[in-house]
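Each chain, letter by letter, is given below.
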Amino acid sequence: MKKVLVLGSTGSIGTSTLDIIRNMPEDFKVAGITANSNKEKLNTLASEFNCPFSLTSEEGTDGIQRLIDETKPDIVVNGIAGSAGLLPSKIVLDNKISLALANKETVVMAWPLIKSLANHNSTNIIPVDSEHSAIFCLINQCKKNNIDEIIITASGGPFRNYSKEQLQSVTLQDALKHPTWNMGQKITIDSATLANKGLEVIEATRLFDIDTHHVKVVVHPQSLVHSLVRTNDGMLYAQISDPDMKHPIFQSLVFPENKKNYLKPFNLFDHEMNFYKPRIDDFPMLKYAYDAAQKNGGYTIAFNAANEIAVDAFVKSKINFLDISKVTEKVLSKDFTLTPNDFNDVFEIDNMARSYAKEFL
């Protein structure tokens, strides 16, 4: 039985993780849980799972170290949203514990430092994003030296068929109506702008050590194919399942095994699958992410920070939908060539980019 510490237990990743544990009590046990600020829900979950160890984000990263000391988990699921998830990832790896990683910012902001730490401590990092989980599994099947290209699928978000003129007047409520996934507010808006897919491109280049020219994005509205790899002989291999985050979470929890589970197998019948090129001119956040990944230095940190500030402003009705990409473009026009040497450098670049973004607002 694996003891699982769930960071961000009340969010979409945490909720799905707990559902797996609830349905597979002989395989997994909740060692501890955290939440951002929802103490009432946290206490309810702690009671249900007979889990004496829990904390909110108000207790800070020191609290996470105490939680690890108290619970001694076999694996930690990091489902914390945003840049707040970076230091918890570092703490997990510092303690030589396997990390099931759903926090994009850990990779986008500080991958060289995180990778070095994981290698030094001989610790596994298993990606939980549905796309990267699919790529991870496909590469394990096909072997890295046989891979020529990674193809990440995107739903296209709620505005996939909107004209440039229509995009000028979309509302927050429009942006939150994702066609296939039920996710948190920030990631849902990122899906609408294609910033989320941009972050995933950056993640893929880092996680799988592959050049941006070999990472492609294809719009697939049904969200059934979660990603593909093309091998050197030109053949495509895909991972296909219903759009349910429990699948990649389960894979991360049992890695390197492959176990039977309670999840419904995918049924091939009565499904349509379509694939389209992304409209980069109308959704430029994807292009900016590619540019940031190619420039390296601190540009991926700046991309993430600018987007977080701009999305927050959009949520608060301070800017319109298209301004999110305009703010990000302006921030990325600044000099972020400095490569961070430590986590202090990472947060210094992050703060600088956030300051620029607030100025441009």
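The paragraphs below set out a description of the structure included in this document. (Residues numbered from 1 in each chain as written. Predicted model: local features only at pLDDT ≥ 70, side-chain atom pairs only at ≥ 80, totals over all residues. Heavy atoms only, no water.)

## Section: unusual backbone geometry
A cis amide bond, omega 10 degrees, links Phe255 with the succeeding residue Pro256. In this fold, Pro256 is placed in the loop between helix H11 (246-254) and helix H12 (285-295). The backbone of Ser122 sits at a positive phi, close to 50 degrees, despite the residue not being glycine. Relative to the helices and strands, Ser122 resides in the loop between helix H5 (104-120) and strand S6 (125-127). For Ser122, a relative accessible area of 69% gives the class exposed. (Helix = DSSP H or I, 4+ residues; strand = E, 2+ residues; numbered from the N terminus. Buried < 20%, exposed > 50% of the residue type's maximum accessible area, 1.4 Å probe, protein only.)

## Regarding the packing of aromatic side chains
Tallied over the full model, the rule gives seven aromatic pairs. Judged by centre distance (6.0 Å) and plane angle (85 degrees), the ring pair of Phe336 and Tyr356 falls under edge-to-face. Remark: Tyr356 occurs in helix H15 (residues 343-360) and Phe336 occurs in the loop between helix H14 (323-332) and H15; sequence separation between them is 20 residues. For Phe336, a relative accessible area of 3% corresponds to the buried category. When its relative accessible area of 21% is taken as the criterion, Tyr356 is described as partly exposed. The ring of Tyr299 carries the charged tip of Lys295 above its face, separated from the ring centre by 4.8 Å. (Phe/Tyr/Trp six-rings, centres within 6.5 Å; stacked < 30°, edge-to-face > 60°. Lys NZ or Arg CZ within 6 Å of the ring centre and 35° of its normal.)

## Here's the deal with the packing of H5 against helix H13 (residues 299-315)
Packed helices, taken two at a time, are described by their axes: the angle between them and the distance between them. In the contact formed by H5 and H13, the axes pass within 7 Å of each other and the chain directions differ by 135 degrees. Put simply, H5 runs oblique to H13. Seen from above, H5 lies across H13 with left-handed handedness. On H13, the residues that touch Glu105, Val108 and Met109 of H5 are Thr300, Ile301, Asn304 and Glu308. Along the lines of polarity and charge, the residues of the contact of H5 with H13 split into three nonpolar, two polar and two charged. (Axes fitted to C-alpha atoms, helices over the stretch in contact; angles between N-to-C directions. Parallel < 35°, antiparallel > 145°, perpendicular 65-115°, else oblique. Left-handed = near helix turned anticlockwise from the far one by under 90°. Contact = heavy atoms within 4.5 Å. Nonpolar A, V, L, I, M, F, W, Y, C, P; charged D, E, K, R; others polar.)

## Quick look at the nonpolar core
Ranked by size, the top nonpolar core spans 113 residues in total, and within it Phe28, Ile33, Ile150, Phe208, Phe303 and Ile324 carry the most contacts. For this core, the leading source of residues is H13, giving eleven residues. Excluding its chain neighbours within four sequence positions, the residues that come into contact with Phe208 are His132, Ile135, Phe136, Ile139, Lys144 and Ile150. (Core = buried A, V, L, I, M, F, W, Y, C linked by side-chain atoms within 4.5 Å.)

## Some points on the sheet that holds strand S8 (residues 215-219)
Reading across the sheet, the four strands line up as S8-S7-S9-S10 and stay open at both edges, with mixed pairing between neighbours. Of all strands in the sheet, those bounded by a partner on one side alone are S8 and strand S10 (236-240). The average angle at which neighbouring strand axes cross in this sheet is 25 degrees, direction not considered. Inspection of the sheet shows strand S7 (residues 147-154) paired to strand S9 (residues 225-231) by five bridges, in the antiparallel sense. (Pairing = 2+ DSSP bridges.)

## Some thoughts on the pairing of strand S2 (residues 28-35)
Within S2, seven of the eight residues are buried, which leaves it mostly tucked inside the rest of the structure. When strand S1 (residues 2-7) meets S2, the two strands line up parallel, connected through five bridges. In the strand pairing of S2, Leu5 is matched with Gly32. Following the chain from S1 across helix H1 (residues 12-23) to the adjacent parallel S2, one finds a crossover that is right-handed. Relative to strand S3 (residues 54-56), S2 runs parallel, the two sharing three bridges. Bridge pairing in S3 places Ile33 opposite Ser54. In this view, the connection linking S2 to its parallel neighbour S3 by way of helix H2 (residues 39-48) has right-handed handedness. (Right-handed = clockwise from strand over helix to strand, strands pointing away.)

## What to know about the environment of Leu332
Counting through the fold element by element, Leu332 comes out in helix H14. A C-alpha to C-alpha distance of 8.3 Å links Leu332 and Ala353, two positions 21 residues apart in sequence. Not counting chain neighbours up to four residues away, the residues in contact with Leu332 comprise Tyr288, Lys295, Tyr299, Ala302 and Phe303.

## What about the pattern of salt bridges?
Inspection of the entire model under this criterion finds 21 salt bridges. Residue Arg22 is joined to Asp19 by a salt bridge in which the shortest nitrogen-to-oxygen separation is 3.5 Å. Pair noted here: Arg22 and Asp19 are both in helix H1, with a separation of three residues, about one helical turn. By relative accessible area, Arg22 is classed as partly exposed at 37%. The closest approach of N and O atoms between Lys39 and Glu58, which form a salt bridge, is 3.8 Å. Here the residue Lys39 occupies a position in helix H2, and Glu58 occupies one in the loop between S3 and helix H3 (60-71), the gap between them amounting to 19 residues. Its relative accessible area of 46% is what places Lys39 among the partly exposed residues. A relative accessible area of 60% places Glu58 in the exposed class. (Salt bridge = Lys/Arg side-chain N within 4 Å of Asp/Glu carboxyl O.)

## Some details on the side chain of Glu200
Its location among the elements puts Glu200 in helix H10 (residues 195-207). Of the residues examined, Glu200 reaches a relative accessible area of 1% and is grouped as buried. A polar contact is formed between the side chain of Glu200 and the side chain of Lys197, at a distance of 2.7 Å. Those residues in contact with Glu200, other than ones at most four positions away along the chain, are Lys104, Asp129, Glu131, His132 and Ile152. (Polar contact = N/O pair within 3.5 Å; in protein donor to acceptor, adjacent residues only side chain to side chain.)

By themselves, these are just geometric observations and shouldn't be taken as functional.
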